[in-house]
Amino acid sequence: MAEKNIDIEETEELNDTPVEETDNQAEEPTEGASETKEQETETDPLTKAQAEIEELKDKYLRSVAEFDNYRKRTLKERAELILNGGEKVIAAVLPVIDDMERAIENGAKTDNPEVLREGMTLIHQKFLKILEAQGVSKIETEDADFDTDIHEAVAMVPGMGDDKKGKVIDCLQQGYKLNDKVIRHAKVAVGQ
């Protein structure tokens, strides 16, 4: 029981000691500060989320604008390519036109048809070389098997024998490829 008396006495001494008013005043602002902090933490995620939304909207609008500019630029480049795509070929063909004009002028000065024939042959060879440089090639038809991918049959020739059956007999119009793509089928007569 003596222990209980001591405890009671100690608690009485603690209760008798005056509590400073500054401690009470300090506790009150901390309670108010904790309430303010609670309010700030409640509004802070909202503010943070709104700022993030604004940032994402800005990024989205920039991405949309960048894509729109890219689309417009590619459309413009495609239109320019379509309009000026043949410029390289035309520039390569112009010397052939010059040669033909010279041949016409010189043809009036001579009566020898052999000279004109030779000049036309040279111009033709030059023109074929220019086309080959641009990726154009002739479709071979001599002794070739008939192929519907590159040939167009305009005539069937009967009675040519079994060794000529399904073979190209004659080429009526030359066919051409551009980089392995048929741009004009060769018109041929086929053995039957």
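Heads up: these notes are all about the structure in this document. (Residues numbered from 1 in each chain as written. Predicted model: local features only at pLDDT ≥ 70, side-chain atom pairs only at ≥ 80, totals over all residues. Heavy atoms only, no water.)

Moving on, we come to the sheet that holds strand 5 (residues 181-184). The three strands are arranged 1-4-5 in an open sheet whose pairing can be described as antiparallel. Only two strands of the sheet have a single partner each, and these edge strands are strand 1 (136-138) and strand 5. On average, each strand axis in the sheet is tilted by 35° relative to the strand beside it, whichever way the strands run. (Pairing = 2+ DSSP bridges. Helix = DSSP H or I, 4+ residues; strand = E, 2+ residues; numbered from the N terminus. Axes fitted to C-alpha atoms, helices over the stretch in contact; angles between N-to-C directions.)

What follows concerns unusual backbone geometry. Note: most residues except glycine have negative phi, and most peptide bonds are trans. Phi at Asp 143 is positive, roughly 55°, even though this residue is not glycine. Mapped onto the elements of the fold, Asp 143 is located in the loop between strand 1 and strand 2 (151-157). Given the relative accessible area of 57%, Asp 143 is considered exposed. One non-glycine residue, Asn 179, lies in the positive phi region at around 50°. Along the polypeptide, Asn 179 turns up in the loop between strand 4 (176-178) and strand 5. With relative accessibility at 57%, the residue Asn 179 sits in the exposed group. (Buried < 20%, exposed > 50% of the residue type's maximum accessible area, 1.4 Å probe, protein only.)

The strand order across the open sheet built from three strands is 2-6-3, with neighbouring strands paired in mixed fashion. Edge positions in the sheet fall to strand 2 and strand 3 (168-173), since each of these pairs with one other strand and no more. Pairs of neighbouring strands in the sheet enclose a mean axial angle of 30°, with direction left out of account.

Before going further, it helps to examine a nonpolar patch on the surface. A contiguous nonpolar surface patch, about 330 Å² in accessible area, is contributed by Tyr 60, Leu 61 and Val 64. Position of Val 64 among the secondary structure elements: in helix 2 (residues 21-84). (Patch = residues over 30% accessible without salt bridge, like charges linked within 9 Å, V, L, I, M, F, W, Y side chains within 5 Å. Areas by Shrake-Rupley, 256 points an atom, 1.4 Å probe, with all protein chains shown as cover. Salt bridge = Lys/Arg side-chain N within 4 Å of Asp/Glu carboxyl O.)

Here His 151 is to be found in strand 2. Taking the relative accessible area as the measure of exposure, His 151 reaches 3% and is therefore buried.

On to the environment of Lys 164. By the element assignment, Lys 164 lies in the loop between strand 2 and strand 3. With 19 residues separating them along the chain, Lys 164 and Asp 145 place their C-alpha atoms 9.1 Å apart. In this structure Lys 164 touches Asp 143, Ile 169 and Gly 191, once residues within four positions along its chain are discounted. (Contact = heavy atoms within 4.5 Å.)

Using the criterion set out here, one finds one aromatic pair in the structure. Centre to centre, the rings of Phe 67 and Tyr 70 are 6.4 Å apart; their planes meet at 35°, and the pair counts as tilted. Residue Phe 67 and its partner Tyr 70 are located together in helix 2, separated by three residues, close to a single helical turn. Taking relative accessible area as the criterion, Tyr 70 reaches 45% and is therefore assigned partly exposed. (Phe/Tyr/Trp six-rings, centres within 6.5 Å; stacked < 30°, edge-to-face > 60°.)

In this section: the packing of helix 3 (residues 87-107) against helix 4 (residues 113-133). At their nearest, the axes of helix 3 and helix 4 sit 10 Å apart, and the two run at 175° to each other. Between helix 3 and helix 4, the interaxial angle falls into the category roughly antiparallel. Residues Ala 92, Val 93, Pro 95, Val 96, Asp 99, Met 100, Ala 103 and Gly 107 of helix 3 touch helix 4, and the partners they reach there are Leu 116, Met 120, Ile 123, Lys 126, Phe 127 and Ile 130. Residue classes in the contact of helix 3 with helix 4 are distributed as eleven nonpolar, one polar and two charged. (Parallel < 35°, antiparallel > 145°, perpendicular 65-115°, else oblique. Nonpolar A, V, L, I, M, F, W, Y, C, P; charged D, E, K, R; others polar.)

We now examine helix 3. Under the 1.5 Å per step criterion, the end-to-end length of helix 3 is 30 Å for 21 residues, consistent within 8% with the ideal 30 Å. Of all the bends in helix 3, the greatest, near 25°, is centred on Val 93, and the proline Pro 95 appears no more than four residues after it. Within helix 3 the residues assigned to the buried category are Ala 92, Val 93, Val 96, Asp 99 and Gly 107. Where helix 3 is buried, its residues touch helix 4. (Expected span 1.5 Å × (residues − 1). Bend = angle between axes of the 7 residues up to and from the residue.)

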